[in-house]
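Chain and residue survey
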Amino acid sequence: MTYAIKSLSGLADAGFINRGDVTALVPVAERYAVAVTDTIAKLIDHDDPLDPIARQFIPSGAELIGTPEERVDPIGDDVHSTVPGIIHRHRDRVLFKLVHACPVYCRFCFRREMVGPEGETSLSPQAFEAALAYIECHPEIWEVILTGGDPFILNARRAGEVSARLAAIPHVKVIRWHTRVPVVDPAHITDDFIGALLVPGATTIVALHANHPRELTAAARAACARLIDVGIPMLSQTVLLRGINDNVEILEALMRAFVEARIKPYYLHHADLAPGTSHFRVPVEEGQRLMRELRARVSGVCMPQYVLDIPGGYAKVPIASSDVEKTAAGYRLRDHQGRWHSYPE
């Protein structure tokens, strides 16, 4: 990984926060991890106090303001955690939380209470073997989604070991990696690393998280091209965020940039109810309006699916559809099993 700023003093030295604000931000940094790679630091516009790149990665005092509906585990991972590292929410696939650290820390992260550099950054060898044993014992598991943290922080040797162990399980046919690394540290996507992802017996897919078109730099696009050119399909994931991409022009530019880079727009996530993130969240009806406007401007190949994770572990629901209804207290959401759930305004 390239050099990263990981402290408030480092952010002040780089001019991203005022030195007079360091003391006030100490409680934020003590609770939520801070890291900004050199790549991201170079993207930030120091002359723009509302810079959408800075807003994603530079801590602010607003993160200490909680709301009653916010949750430490907003999407209910714990409800479906079968063994350490494994979340089995859907019959045919599992999340495999391989690592607990990231190269950068998004200020809106839904796992912000669980990720960071403190303690173990990856599963212990015993937990890793137990997770593989669980997958092996469940023949219905067709897809393993590697997440964390960001699993692309692994070196090529370890990524290759993980890929080979999963592909050796006969019923695992798809290995999907969720990452920000091609955007925040494109130099990490080397030929050796890419080779480690390709294993016989399973299809590899990479889902890239990016929220603003400026993140798709020439270096980021080249890193993605290296993955795609060897036959690895790529999908996009974006979070709808106030002050970052909550206008149709930015969303249009972002989705077109994905398609131009041969990345299929996949999900536009409604921001989760993570602690201290209310300043990022956009009302559901505003997101629905943006999706209508986006559909009027781009072809279907550029359209992501607008989804919301129902709190409590009830999975994602498309919310540009009849699965969401407005109520006096907020909304009703219908999950994939037809059950209705309340959701706050």
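For the structure given in this document, a descriptive report is provided here. Here the residue index of a chain counts from 1 through its sequence in written order. The predicted nature of this model means local features are confined to residues of pLDDT at least 70 and side-chain atom pairs, given and counted, to a pLDDT of 80 or more, with totals for whole chains, interfaces and linings taken over all residues. Note that the side-chain values use all heavy atoms of the structure and ignore hydrogens as well as water.

1. Quick word on the sheet that holds strand β13 (residues 330-334)
Paired through their backbone hydrogen bonds, the strands of a sheet run either parallel or antiparallel. Here is the rule we go by: We call two strands paired when DSSP finds no fewer than two bridges between them. Put simply, DSSP H or I for four residues or longer makes a helix, DSSP E for two residues or longer makes a strand, and each gets a number counted from the N terminus. Axis definition: a line fitted to C-alpha atoms, over the contacting stretch in the case of helices. Angles run 0 to 180 degrees between N-to-C directions.
Strand order in this open sheet of 3 strands is β12-β13-β14, and the pairing throughout is antiparallel. Taken across any chain shown, the strands that pair with only one partner, and hence form the sheet edges, are β12 (324-326) and β14 (340-344). Each strand of the sheet is rotated relative to its neighbour by a mean of 25°, with strand direction disregarded. Here β13 runs beside β14; their pairing, made up of 5 bridges, is antiparallel. Its bridge partner being in β14, R334 is matched across the sheet by W340.

2. A closer look at the state of the cysteines
Going by this rule: Whenever a pair of cysteine sulfur atoms sits within 2.5 Å, that pair is classed as a disulfide. For the exposure calls, accessible area comes from a 1.4 Å probe over protein chains only, and a residue counts as buried if that area is under 20% of its type's maximum, exposed if over 50%, partly exposed in between.
Scanning the model with the defined rule gives 0 disulfides in all. In this structure C102 is not part of a disulfide, and its nearest cysteine sulfur, from C109, lies 6.3 Å away. You can call C102 partly exposed: its relative accessible area is 22%. Left without a disulfide partner, C224 is nearest to the cysteine sulfur of C106, which lies 16 Å away. For C224, a relative accessible area of 1% puts it in the buried group.

3. With respect to the nonpolar core
Put simply, the rule reads: We define the nonpolar core as a collection of buried residues of types Ala, Val, Leu, Ile, Met, Phe, Trp, Tyr and Cys that are connected through side-chain atoms lying within 4.5 Å of one another. Contact criterion: two residues are considered in contact whenever any of their non-hydrogen atoms come within 4.5 Å of each other.
F96, I135 and W177 are the most contacted members of the largest nonpolar core, which totals 101 residues. Not counting the four nearest positions on each side in its chain, F96 is found in contact with G85, I86, L123, F128, A131, L132, I135, V144, I145, L146, T147 and L166.

4. Section: the packing of aromatic side chains
Here is the rule: Put simply, two rings from Phe, Tyr or Trp (the six-membered ring, in Trp's case) pair if the centres are within 6.5 Å, and we call them stacked under 30 degrees between planes, edge-to-face over 60, tilted for the rest.
Scanning all chains against the criterion turns up 5 aromatic pairs. When the centroid spacing of 5.7 Å and the interplanar angle of 75° are considered together, the rings of F108 and F280 count as edge-to-face. Of this pair, F108 sits in the loop between β4 (93-97) and α5 (125-136) while F280 sits in the loop between β9 (264-270) and α11 (284-297), and the two are 172 residues apart along the sequence. The class for F280 is buried, based on a relative accessible area of 2%.

5. Notes on empty space enclosed by the protein
Stated formally: Only protein atoms enter the 1 Å grid, on which a cavity is a set of points fitting a 1.4 Å probe that cannot get out and a pocket is an open set with protein on both sides within 12 Å along at least 5 of 7 lines, lining residues being those with an atom within 4 Å of a point. Grid points are joined across faces, edges and corners, and a volume is the space filled by probe spheres set on the points. Think of it as three bins: nonpolar holds Ala, Val, Leu, Ile, Met, Phe, Trp, Tyr, Cys and Pro, charged holds Asp, Glu, Lys and Arg, and polar takes everything else, Gly as well.
Enumeration over the complete set of coordinates arrives at 1 cavity of 30 Å³ or more. Of the voids in this model, the largest cavity is the one considered here, and its volume is about 50 Å³. If you go around the largest cavity, the residues you meet are Y32, A33, Y105, C106, R107, C109, R112 and V115. Partitioned by chemical class, the residues of the lining of the largest cavity number 6 nonpolar, no polar and 2 charged.

6. Some details on the pairing of strand β3 (residues 86-90)
Most of β3 is tucked away: 4 of the 5 residues are buried. Both β3 and β4 contribute to a ladder of 3 bridges, which runs antiparallel. Across the sheet, H90 pairs through a bridge with R93, a residue of β4. Between the antiparallel neighbours β3 and β4 lie 2 residues.

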